[in-house]
Amino acid sequence: MYTIWVKAHAGYIGNESADQLAKDATQHGLPYSITKLPKRHMKGLLPKSMLEEWQTLWKNGDTGRKIYNIMPSVSLRPANWIRDVIFFSQHGPFPAYLKRFHLSHSDYCSCGGIGTALHYATECIFTVSWHMRKPVPNFEQEWLKRIANNLVSMHKIRKRK
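Owing to the predicted nature of the structure, the values given are computational and were not obtained by experimental measurement.

Re the overall build of the protein chain
Next up, step 1: The secondary structure content of the protein chain amounts to eight helices and zero strands.
Next up, step 2: Summarising the internal contacts of the protein chain: among those between residues at least 6 apart in sequence, 34% fall at separations of at least 24.
Next up, step 3: Total accessible area on the protein chain is roughly 12600 Å²; 59% of this is exposed by carbon and sulfur atoms.

The structure is reproduced here in C-alpha coordinates:
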(Lines give C-alpha, C1' and ligand atoms only; values in the text may rest on other atoms or scores of the structure.)
Protein backbone atom coordinates (compact mmCIF):
# COMPACT_ATOMS: atom_id res chain seq x y z
CA MET A 1 0.00 0.00 0.00
CA TYR A 2 1.30 3.50 -0.78
CA THR A 3 0.28 7.04 0.08
CA ILE A 4 -0.14 9.89 -2.38
CA TRP A 5 -0.98 13.54 -1.85
CA VAL A 6 -4.41 14.63 -3.07
CA LYS A 7 -5.55 18.25 -3.38
CA ALA A 8 -8.19 18.99 -0.73
CA HIS A 9 -11.77 19.89 -1.66
CA ALA A 10 -11.21 19.19 -5.33
CA GLY A 11 -14.01 16.65 -5.74
CA TYR A 12 -11.99 13.45 -5.24
CA ILE A 13 -14.56 11.00 -3.82
CA GLY A 14 -12.22 9.14 -1.46
CA ASN A 15 -10.74 12.37 -0.13
CA GLU A 16 -14.15 13.96 0.31
CA SER A 17 -15.34 10.85 2.20
CA ALA A 18 -12.28 10.97 4.46
CA ASP A 19 -12.86 14.65 5.16
CA GLN A 20 -16.52 13.98 5.99
CA LEU A 21 -15.64 11.08 8.30
CA ALA A 22 -13.06 13.21 10.12
CA LYS A 23 -15.57 16.06 10.48
CA ASP A 24 -18.29 13.70 11.78
CA ALA A 25 -15.90 12.14 14.26
CA THR A 26 -14.82 15.50 15.70
CA GLN A 27 -18.37 16.87 15.91
CA HIS A 28 -20.31 13.81 17.04
CA GLY A 29 -17.77 11.36 18.38
CA LEU A 30 -19.82 8.54 16.87
CA PRO A 31 -18.11 5.62 15.17
CA TYR A 32 -18.29 5.82 11.41
CA SER A 33 -20.33 3.40 9.40
CA ILE A 34 -18.09 0.80 7.85
CA THR A 35 -20.28 0.66 4.74
CA LYS A 36 -19.48 4.28 3.87
CA LEU A 37 -15.75 3.64 3.52
CA PRO A 38 -14.25 3.06 0.07
CA LYS A 39 -13.58 -0.61 -0.74
CA ARG A 40 -9.91 0.09 -1.38
CA HIS A 41 -9.55 1.59 2.07
CA MET A 42 -11.36 -1.37 3.65
CA LYS A 43 -9.07 -3.82 1.88
CA GLY A 44 -6.18 -2.14 3.65
CA LEU A 45 -7.87 -1.89 7.06
CA LEU A 46 -9.23 -5.42 7.35
CA PRO A 47 -5.97 -7.39 7.12
CA LYS A 48 -4.31 -5.00 9.54
CA SER A 49 -7.20 -5.24 12.00
CA MET A 50 -7.43 -9.02 11.71
CA LEU A 51 -3.67 -9.38 12.18
CA GLU A 52 -3.80 -7.22 15.32
CA GLU A 53 -6.69 -9.28 16.73
CA TRP A 54 -4.90 -12.53 15.88
CA GLN A 55 -1.72 -11.28 17.57
CA THR A 56 -3.69 -10.36 20.72
CA LEU A 57 -5.36 -13.78 20.82
CA TRP A 58 -2.01 -15.51 20.24
CA LYS A 59 -0.30 -13.46 22.95
CA ASN A 60 -3.03 -13.96 25.56
CA GLY A 61 -4.00 -17.53 24.67
CA ASP A 62 -3.37 -20.58 26.79
CA THR A 63 -2.71 -23.11 24.04
CA GLY A 64 0.27 -23.46 21.75
CA ARG A 65 2.64 -21.95 24.29
CA LYS A 66 5.63 -24.01 23.14
CA ILE A 67 5.26 -22.56 19.65
CA TYR A 68 4.45 -19.08 21.03
CA ASN A 69 7.72 -19.10 22.98
CA ILE A 70 9.57 -19.80 19.73
CA MET A 71 7.47 -17.56 17.46
CA PRO A 72 5.74 -14.83 19.49
CA SER A 73 4.60 -12.85 16.44
CA VAL A 74 1.94 -13.86 13.94
CA SER A 75 2.37 -13.20 10.25
CA LEU A 76 0.41 -13.39 7.00
CA ARG A 77 3.53 -14.55 5.17
CA PRO A 78 3.40 -18.25 4.34
CA ALA A 79 5.97 -20.34 6.16
CA ASN A 80 7.31 -23.78 5.38
CA TRP A 81 6.94 -24.81 8.98
CA ILE A 82 5.36 -28.27 8.98
CA ARG A 83 8.42 -30.16 10.27
CA ASP A 84 9.33 -27.28 12.56
CA VAL A 85 5.91 -27.26 14.23
CA ILE A 86 6.03 -31.03 14.65
CA PHE A 87 9.46 -30.77 16.26
CA PHE A 88 8.81 -27.77 18.53
CA SER A 89 5.32 -28.78 19.63
CA GLN A 90 6.30 -32.46 19.88
CA HIS A 91 2.93 -33.27 18.29
CA GLY A 92 3.57 -35.84 15.63
CA PRO A 93 4.37 -39.46 14.92
CA PHE A 94 6.30 -39.93 18.15
CA PRO A 95 5.50 -42.94 20.36
CA ALA A 96 5.08 -40.75 23.47
CA TYR A 97 2.57 -38.51 21.66
CA LEU A 98 0.68 -41.43 20.12
CA LYS A 99 0.40 -43.19 23.48
CA ARG A 100 -0.89 -40.00 25.10
CA PHE A 101 -3.87 -40.09 22.74
CA HIS A 102 -4.31 -43.86 23.00
CA LEU A 103 -3.13 -44.42 19.44
CA SER A 104 -0.30 -46.69 20.58
CA HIS A 105 0.22 -49.14 23.40
CA SER A 106 3.74 -47.97 24.20
CA ASP A 107 5.62 -44.69 24.42
CA TYR A 108 9.00 -46.35 23.88
CA CYS A 109 11.22 -45.94 20.86
CA SER A 110 12.71 -49.07 19.28
CA CYS A 111 15.99 -48.25 21.01
CA GLY A 112 14.34 -48.42 24.44
CA GLY A 113 14.13 -44.69 25.20
CA ILE A 114 10.94 -42.66 25.58
CA GLY A 115 10.02 -41.69 22.00
CA THR A 116 9.75 -37.90 21.99
CA ALA A 117 11.00 -35.39 19.42
CA LEU A 118 13.78 -34.42 21.81
CA HIS A 119 14.80 -38.08 22.18
CA TYR A 120 15.15 -38.52 18.40
CA ALA A 121 16.97 -35.19 18.02
CA THR A 122 19.51 -35.77 20.78
CA GLU A 123 20.00 -39.38 21.89
CA CYS A 124 18.30 -42.13 19.87
CA ILE A 125 20.86 -44.59 18.47
CA PHE A 126 18.86 -44.82 15.25
CA THR A 127 19.16 -41.08 14.52
CA VAL A 128 22.80 -40.41 15.41
CA SER A 129 23.55 -38.60 12.12
CA TRP A 130 20.86 -36.03 12.97
CA HIS A 131 21.76 -35.42 16.60
CA MET A 132 21.98 -32.00 18.15
CA ARG A 133 23.50 -31.18 21.52
CA LYS A 134 21.07 -32.08 24.30
CA PRO A 135 19.66 -29.15 26.31
CA VAL A 136 20.65 -28.62 29.92
CA PRO A 137 17.79 -29.60 32.27
CA ASN A 138 15.46 -26.65 33.04
CA PHE A 139 16.65 -24.77 29.92
CA GLU A 140 14.77 -26.72 27.24
CA GLN A 141 12.65 -23.72 26.18
CA GLU A 142 15.73 -21.52 25.74
CA TRP A 143 17.41 -24.36 23.83
CA LEU A 144 14.39 -24.58 21.52
CA LYS A 145 14.55 -20.81 20.87
CA ARG A 146 18.21 -21.11 19.94
CA ILE A 147 17.49 -24.07 17.65
CA ALA A 148 14.74 -22.04 15.93
CA ASN A 149 17.21 -19.21 15.29
CA ASN A 150 20.11 -21.44 14.19
CA LEU A 151 20.18 -22.06 10.44
CA VAL A 152 22.22 -25.27 10.67
CA SER A 153 19.87 -26.78 13.26
CA MET A 154 16.77 -25.75 11.33
CA HIS A 155 18.27 -27.29 8.20
CA LYS A 156 18.71 -30.59 10.09
CA ILE A 157 15.07 -30.52 11.24
CA ARG A 158 13.67 -29.68 7.79
CA LYS A 159 15.73 -32.22 5.83
CA ARG A 160 14.83 -35.32 7.85
CA LYS A 161 12.67 -37.81 6.03
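Points about the confidence of the model for the protein chain
Next up, step 1: Across the protein chain, pLDDT averages 79, with 86% of residues at or above 70.
Next up, step 2: At the level of individual helices and strands, the protein chain shows its lowest average pLDDT in helix 8 (residues 151-159), which scores 71, and its highest in helix 5 (residues 95-100), which scores 92.

A word on a nonpolar patch on the surface
Next up, step 1: On the surface, a nonpolar cluster with roughly 340 Å² of combined accessible area is contributed by Ile125, Phe126 and Val128.
Next up, step 2: Note on placement: Ile125 falls in the loop between helix 6 (117-122) and helix 7 (140-148).
Next up, step 3: On the basis of relative accessible area, Ile125 is assigned to the exposed category, the value being 60%.

Some details on unusual backbone geometry
Next up, step 1: Of note, Gln90 is a non-glycine position whose phi angle comes to about 60°, a positive value.
Next up, step 2: Relative to the assigned elements, Gln90 resides in the loop between helix 4 (82-89) and helix 5.
Next up, step 3: Accessibility expressed as a relative area gives 18% for Gln90, which makes it buried.

Basis of the calculations
- Residues numbered from 1 in each chain as written.
- Predicted model: local features only at pLDDT ≥ 70, side-chain atom pairs only at ≥ 80, totals over all residues.
- Heavy atoms only, no water.
- Helix = DSSP H or I, 4+ residues; strand = E, 2+ residues; numbered from the N terminus.
- Contact = heavy atoms within 4.5 Å.
- Areas by Shrake-Rupley, 256 points an atom, 1.4 Å probe, with all protein chains shown as cover.
- pLDDT = per-residue confidence, 0-100.
- Patch = residues over 30% accessible without salt bridge, like charges linked within 9 Å, V, L, I, M, F, W, Y side chains within 5 Å.
- Salt bridge = Lys/Arg side-chain N within 4 Å of Asp/Glu carboxyl O.
- Buried < 20%, exposed > 50% of the residue type's maximum accessible area, 1.4 Å probe, protein only.

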